[in-house]
Protein chains: 2
Amino acid sequence: MRQLNQDTITQAVLARLAHTPDTRLKELMTSLVQHLHAFARETRLTEAEWRHGLEFLTNTGQQSQGQRQEFALLSDVLGLSTLTVAMNNGKPAGCTEAAVLPALPGLASDQDGPACQLRGQVRDLQGQAIGGAEISVSPGRGAEWVHALSGSQGEFSLDAALAEARALPTDGPVGQFLAATACPAWRPAHVRVTVRARGYEALHTEIFAEGDPYLEGDAAFGVRPALVAYWQAQADGSLALNYDFILNKAMA
Amino acid sequence: MRQLNQDTITQAVLARLAHTPDTRLKELMTSLVQHLHAFARETRLTEAEWRHGLEFLTNTGQQSQGQRQEFALLSDVLGLSTLTVAMNNGKPAGCTEAAVLPALPGLASDQDGPACQLRGQVRDLQGQAIGGAEISVSPGRGAEWVHALSGSQGEFSLDAALAEARALPTDGPVGQFLAATACPAWRPAHVRVTVRARGYEALHTEIFAEGDPYLEGDAAFGVRPALVAYWQAQADGSLALNYDFILNKAMA
């Protein structure tokens, strides 16, 4: 029988995982266990901290229901969502950048804000208009999502709304974490956009507003310079935004 | 405004955590974020895997209630519990080894098994008897825990029971994980023991039974050679076990 101690336990766990039939799951778990153990070793995690961590994770799971997905929030504020999006959506320069993960089923819908007319064109990297693209925007005026199809010149127009700047929920574990680490809890105003067209990669992104005080400190690390646009105030108090979406060709 | 991408996101998160007032929390989170991001980078985590991981963690939190602590089970099967115990309970050679974390409040109690008379002596590394030590054992005969105090020669005797070998719960996320990774789900038969004495480090450990078929493959990585003992069958079908506990002096 093998002696299990702080020097041998990692190899013992990896040896057991070596029999995982699915090679991708084996690869994921092998890396995860090594990093989890390295974290505990580097920090010399105490038993009290271990217990506190388990309670935090349990509370995070229990806070999730329906519209509230607390682990997705945790992933956002730890930068894991942005890292995952960035790794999986590498596009040539000139394409519109992806900025958010496709909403999870049941993820909180955006709150409505001032009405906004969103106009623009969908085209490819060579400047060719893409007709028949489906543009979906949340929040829409009077609805969770609104949809439009681009015309033959790639043009589209949508009755959207601007989801006003708001704080992430502060009544759960993620709120406690943000308070304890003195990290900002606010997300800037934005609209969430998905663009799909046959033969092109789907684009999930967010458009932010020039001058928003929360751009630098976005709690979810979603802002990119190219996704910040000028929202023009109209005489009737509504907003107008012109924004073009440049799609990347899908691989054959 | 900074460009956030897969090369810059980790530093952006760490820069934000740098303002954490509690220096230990800052240290823990800095290490955790680096390892979490390194895991995602090394494996090139996909969006579907990210989503699956969040669902797994959410289910793990939601499975926890009352006697069932699913995140503690997950920590056990990933070897994190054993690593944490080993790092925090380094003792001089000759001391009885720690093998389990102090039970969480509400952690499932051990199931009762055959009655067992547990006898032994509590002493220190120099062989000096420790009187007045409190020995607590679970499962006890007819009760969750039974307690005894050692006499002036360190001797004690307890009416315990042997928690029979059993599988970890298979109806939750940890059970699914063990099935998917072809890892063993069984824990060998054992008694759980805590020994406390003034001036000595508290000892939380488990004693296993020689010949148990699950010693090598303990799902929770709790077995150590020195913690495996011979349980003697008695004429009436009960068991008898002699085991001495050697405590380490507490630091002044």
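Bear in mind the structure is a predicted one, so any value in this text is a computation, not a measurement.

(A) Region of interest: unusual backbone geometry. Residue Pro-139 of chain A is reached from Ser-138 of chain A by a cis peptide bond, and omega for that bond is 0°. Checked against the element boundaries, Pro-139 of chain A lands in the loop between β2 (134–138) and β3 (146–149). Residues other than glycine seldom take positive phi values, yet Phe-221 of chain B does so here, at roughly 55°. Counting through the fold element by element, Phe-221 of chain B comes out in the loop between β8 (203–209) and β9 (228–229).

(B) The arrangement of the sheet that holds strand β8 (residues 203–209) of chain A in detail. Residues and elements named next belong to chain A. Strands sit in the order β3-β2-β7-β8-β9 across an open sheet of five strands; the sheet is mixed. Both outer strands of the open sheet, β3 and β9 (228–229), are each paired with one neighbouring strand and no more. The sheet contact formed by β2 and strand β7 (residues 190–196) spans five bridges and is antiparallel. Paired with Ser-136 across the two strands is Thr-194, which belongs to β7.

(C) Representation of the nonpolar core in the model. Within the largest apolar cluster, 63 residues are counted, with the highest numbers of intra-cluster contacts made by Phe-177 and Leu-178 of chain A together with Val-77 and Leu-178 of chain B. Setting aside residues up to four positions removed in sequence, Leu-178 of chain B forms contacts with Val-77, Leu-168, Cys-183, Pro-184 and Ala-185 of chain B.

(D) Broad picture of the confidence of the model for chain A. Residues and elements named next belong to chain A. Put simply, chain A has an average pLDDT of 92, and 94% of its residues get 70 or more. This model gives residues 104–108 a pLDDT under 50, and the stretch forms 15 contacts once residues within four places in sequence are excluded. Model confidence for the complex: the whole-complex pTM is 0.92, and ipTM, which rates the interface, is 0.93.

(E) Structural context of the sheet that holds β9 of chain B. All names here are of chain B. An order of β3-β2-β7-β8-β9 is seen for the five strands of this open sheet, with the pairing classed as mixed. Each edge of the open sheet is held by one strand with a lone partner, namely β3 (146–149) and β9. Here two bridges tie β8 to β9, and the two strands are oriented parallel to one another. Residue pairing for β9: Phe-208 is matched across the bridge by Val-228.

(F) Representation of the relation of the copies chain A and chain B. With an RMSD of 0.1 Å, the operation that places chain A on chain B is a rotation of 180° combined with a shift of 0.0 Å along the axis. The superposition operator between the copies reduces to a two-fold rotation axis. Of every C-alpha in chain A, the one belonging to Gly-61 of chain A sits nearest the axis of rotation, 2.0 Å from it. Of all interface residues in chain A, 100% are interface residues in chain B too; the two copies therefore contact each other through one and the same surface.

(G) Up close: the interface of chain A and chain B. On the chain B side, the residues contacting the 81 residues of chain A number 81 residues. Where chain A touches chain B, the interface holds two salt bridges. Linking Glu-49 of chain B and Arg-24 of chain A is a salt bridge whose minimum nitrogen-to-oxygen distance equals 2.7 Å. On inspection of chain A and its partner chain B, the count reaches 32 residue pairs in polar contact (both at pLDDT 80 or more). When residues of the side of chain A that touches chain B are traced back to their parent elements, those giving at least two are α1 (9–17), α2 (23–43), α3 (47–63), α4 (70–77), α5 (80–88) and α6 (173–180) of chain A. Among the elements that line the side of chain A that touches chain B, the one with the most residues is α2 of chain A, at 17 residues. Of the residues in the side of chain A that touches chain B, the class split is 43 nonpolar, 24 polar and 14 charged.

(H) Looking closely at the pattern of salt bridges. Residue and element names in this part refer to chain B. Within this structure, the stated rule accounts for 19 salt bridges over all chains. Here Asp-244 and Arg-123 are joined by a salt bridge, their closest N and O atoms 2.9 Å apart. One end of the pair, Asp-244, is in the loop between β11 (239–242) and β12 (245–247); the other, Arg-123, is in strand β1 (residues 115–124), and 121 residues separate them in sequence. What you see here is one network of salt bridges that share partners, running through Arg-187, Arg-192, Glu-206 and Asp-218.

(I) How the structure looks around the side chain of Thr-58 of chain B. As for its position among the elements, Thr-58 of chain B is in helix α3 (residues 47–63). Overall, the relative accessible area of 9% leaves Thr-58 of chain B in the buried class. Those residues within four positions of Thr-58 of chain B in sequence are excluded, and the remaining contacts are Gly-61, Ser-64, Gln-69 and Phe-71 of chain A.

(J) How the structure looks around the packing of aromatic side chains. Per the counting criterion, the structure on display carries six aromatic pairs over all chains. Consider the rings of Tyr-243 of chain A and Phe-245 of chain A, whose centres lie 5.2 Å apart with planes at 50°: the pair is tilted. Of the two residues examined, Tyr-243 of chain A and Phe-245 of chain A, each falls in the buried class. Taking 4.8 Å as the distance between ring centres and 10° as the angle between the ring planes, the aromatic pair formed by Trp-186 of chain B and Tyr-214 of chain B counts as stacked. Within this pair, whereas Trp-186 of chain B is found in strand β6 (residues 186–187), its partner Tyr-214 of chain B is found in the loop between β8 and β9, the two being separated by 28 residues in sequence. Of the residues examined, Trp-186 of chain B reaches a relative accessible area of 35% and is grouped as partly exposed.

(K) Structural view of α1 of chain A. Judged by how many residues are buried, α1 of chain A sits mostly within the fold: seven of nine residues are covered. Restricting attention to buried positions, one finds in α1 of chain A the residues Ile-9, Thr-10, Ala-12, Val-13, Leu-14, Arg-16 and Leu-17 of chain A. Summarising the contacts, the buried residues of α1 of chain A are in contact with α2 of chain A together with α4 (70–77), α5 (80–88) and α6 (173–180) of chain B.

(L) Looking closely at the pairing of β3 of chain B. Residues and elements named next belong to chain B. Covered by surrounding structure in β3 are Val-146 and Ala-148 only, the residues His-147 and Leu-149 on the alternate face being uncovered. Relative to β3, strand β2 (residues 134–138) is paired through four bridges, and the arrangement is antiparallel. Its bridge partner lying in β3, Ile-135 is registered against Ala-148.

(M) Seen up close, α3 of chain B. Over its 17 residues, α3 of chain B runs 24 Å from end to end, which matches the ideal 24 Å to within 8%, given 1.5 Å per residue. Those residues of α3 of chain B not exposed but buried are Glu-47, Trp-50, Leu-54, Thr-58, Thr-60 and Gly-61 of chain B. Down the axis of α3 of chain B, the smallest arc covering the buried residues is 160°, so these residues share one side. What points out from α3 of chain B, more than 90 degrees from its buried face, is the exposed set Ala-48 and His-52 of chain B. Where α3 of chain B is buried, its residues touch α3, α4 and α5 of chain A together with α4 and α6 of chain B.

About the criteria used
Residues numbered from 1 in each chain as written. Chains lettered and ligands numbered in written order. Predicted model: local features only at pLDDT ≥ 70, side-chain atom pairs only at ≥ 80, totals over all residues. Heavy atoms only, no water. Helix = DSSP H or I, 4+ residues; strand = E, 2+ residues; numbered from the N terminus. Pairing = 2+ DSSP bridges. Core = buried A, V, L, I, M, F, W, Y, C linked by side-chain atoms within 4.5 Å. Buried < 20%, exposed > 50% of the residue type's maximum accessible area, 1.4 Å probe, protein only. Contact = heavy atoms within 4.5 Å. pLDDT = per-residue confidence, 0-100. Least-squares fit on C-alpha atoms with pLDDT ≥ 70 in both. Salt bridge = Lys/Arg side-chain N within 4 Å of Asp/Glu carboxyl O. Polar contact = N/O pair within 3.5 Å; in protein donor to acceptor, adjacent residues only side chain to side chain. Nonpolar A, V, L, I, M, F, W, Y, C, P; charged D, E, K, R; others polar. Phe/Tyr/Trp six-rings, centres within 6.5 Å; stacked < 30°, edge-to-face > 60°. Expected span 1.5 Å × (residues − 1). Arc of directions from axis to C-beta.

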